[in-house]
Amino acid sequence: MKCDRAIQTLAIRLSVLLPVAVPAFAAGRSANGGVQASQEDVQQMQAFPSFPPPPTVEVTPMSEAPSQPMRLYKHGASASSSQADLDGALQASGALGRSVPWNIIVMLTALTLIPSILICMTPFARLLIVFHFLRQALGLQSTPSNQTLIGLSLIMTFFLMQPVATQIYQDAVVPMQAGQITGIEALSRAEVPMHKFMGHYVREKDVALFVELAKEPRPASVDEVSMRVLLPSYILSELKAGFQIGTVLFLPFLVVDMVVASITTSVGMLQLPPVVISTPLKLLLFLMVDGWHLLIGSLMRSFS
């Protein structure tokens, strides 16, 4: 490709220079030696191939040039590419912007909402609040760690919600996978076990509050409460239950702190903080009564 262009350029230059250079050369020979061009020179000049004249390029001023859209060509592409080829290239580059199925969008949205659903619709909030109260009552700052308490709360939540999850899978997921129902119908069927579970632990006082705020008619029973009212009522009830259990759990360890503080003050041990003495005593008391067994058993029975 490059060789052909070089030969064409050389031919154009020779066709421009030869009509001027040959007469000048002949005139120079006649002026120097007075020798006329021989017949052989004339024949050689006539036998030299003639090249077409160079193409003329007309320069149009910018003010007079018609407005045309600018075209961009890739490296090695011909300038004579048709508009159809360019349109096809644009369509190929825009293939990534095609529409995404709605089921993928719904699935990704549900994955982002799983943490909130886990906190608001399961016993996770109550369990985590009780475990944090226990750590504060023992006087421990970071033992057990937050990851340990969250993991323990997740395991206990899975243990409590496993029957509900099994019922949701059988009533909603299996028919939807078989193509018997749509996604909306599966969501409606999955709502029934969750509604029953949350309605069992919600307080009537909280339900009445949100029914009044939502300006809905007073339901005859908890089963008739809408999910719009039941969700905030359930999380409010779980927060209250968690704080109640944590307060009751805090009182025995508070008594130990008060006894240790009074003893150390009476004997004049002001240089040693009472917390340094009371923390080992509280840990010893908690281990002697097998506190984890009693606490987890009481929490699990509260959901029965």
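As the structure is a computational prediction, the values presented were derived from the model and not from experiment.

Chemist: Got a minute to help me understand the packing of helix 5 (residues 124–137) against helix 9 (residues 227–266) in this structure?
Modeler: For any two helices packed against each other, one specifies the inter-axial angle together with the distance between the axes. The interhelical angle for the contact between helix 5 and helix 9, taken along N-to-C directions, is 20°, at an axis separation of 8 Å. With respect to their mutual orientation, helix 5 and helix 9 come out roughly parallel. In the crossing of helix 5 with helix 9, the sense of the turn from one axis to the other is right-handed. Judged by residue contacts, A125, R126, I129, V130, F133, L134, Q136 and A137 of helix 5 engage I235, E238, L239, A241, G242, F243, I245, G246, T247, L249, F250 and F253 from helix 9. The residue makeup of the contact of helix 5 with helix 9, split by class, is 14 nonpolar, four polar and two charged.

Chemist: Mind showing me how you'd approach helix 9 here?
Modeler: Helical geometry note: an α-helix holds 3.6 residues per turn, so side chains three or four residues apart project in the same direction. Taking 1.5 Å as the rise per residue, helix 9 with 40 residues should run 58 Å; its terminal C-alpha atoms sit 58 Å apart, in good agreement. Approximately 30° is the largest bend angle found in helix 9, and it occurs at L251, with the proline P252 only one to four residues beyond. A positive phi of about 85° marks G268, the residue just after helix 9.

Chemist: Any chance you could explain the side chain of R135 here in plain terms?
Modeler: Mapped onto the elements of the fold, R135 is located in helix 5. In this structure, R135 is in contact with L140, Q141, S142, T143, P144, S145, N146 and L149, ignoring residues within four places of it in sequence.

Chemist: How should I be thinking about the packing of helix 8 (residues 204–214) against helix 9 in this particular structure?
Modeler: The geometry of helix 8 relative to helix 9 is characterised by a closest axis approach of 9 Å and an angle of 140° between their N-to-C directions. Taken together, the axes of helix 8 and helix 9 are oblique relative to one another. In this structure, helix 8 crosses over helix 9, and the sense of that crossing is right-handed. Facing helix 8, whose interface residues are D206, V207, L209, F210, V211 and A214, helix 9 presents R228, V229, P232, S233, L236 and S237. Its residues placed into classes, the contact of helix 8 with helix 9 shows eight nonpolar, two polar and two charged.

Chemist: It is not clear to me how the packing of aromatic side chains should be interpreted in this structure. Could you clarify?
Modeler: For the structure on display, the rule yields seven aromatic pairs. Ring centres 5.4 Å apart and planes at 80° place the aromatic pair F133 and F243 in the edge-to-face group. You can see F133 sitting in helix 5 and its partner F243 sitting in helix 9, a full 110 residues away along the chain. When the ring of F286 is compared with that of W292, the centres are 5.7 Å apart and the planes differ by 85°; the resulting orientation is edge-to-face. Relative accessible area serves as the criterion here: at 6%, F286 is assigned to the buried category. Relative accessible area serves as the criterion here: at 33%, W292 is assigned to the partly exposed category. Ring pairing ties together the aromatic residues F131, F253, F286 and W292, which thus form one cluster.

Chemist: So what exactly am I meant to see when it comes to the environment of S304 here?
Modeler: Looking at the secondary structure, you find S304 in the segment after helix 11 (291–301). Judged by its relative accessible area of 70%, S304 falls in the exposed class. Residues S304 and L160, 144 residues apart in the sequence, show an inter-C-alpha distance of 9.1 Å. Setting aside residues up to four positions removed in sequence, S304 forms contacts with H200 and Y201.

How each quantity is defined
Residues numbered from 1 in each chain as written. Predicted model: local features only at pLDDT ≥ 70, side-chain atom pairs only at ≥ 80, totals over all residues. Heavy atoms only, no water. Axes fitted to C-alpha atoms, helices over the stretch in contact; angles between N-to-C directions. Helix = DSSP H or I, 4+ residues; strand = E, 2+ residues; numbered from the N terminus. Parallel < 35°, antiparallel > 145°, perpendicular 65-115°, else oblique. Left-handed = near helix turned anticlockwise from the far one by under 90°. Contact = heavy atoms within 4.5 Å. Nonpolar A, V, L, I, M, F, W, Y, C, P; charged D, E, K, R; others polar. Expected span 1.5 Å × (residues − 1). Bend = angle between axes of the 7 residues up to and from the residue. Phe/Tyr/Trp six-rings, centres within 6.5 Å; stacked < 30°, edge-to-face > 60°. Buried < 20%, exposed > 50% of the residue type's maximum accessible area, 1.4 Å probe, protein only.

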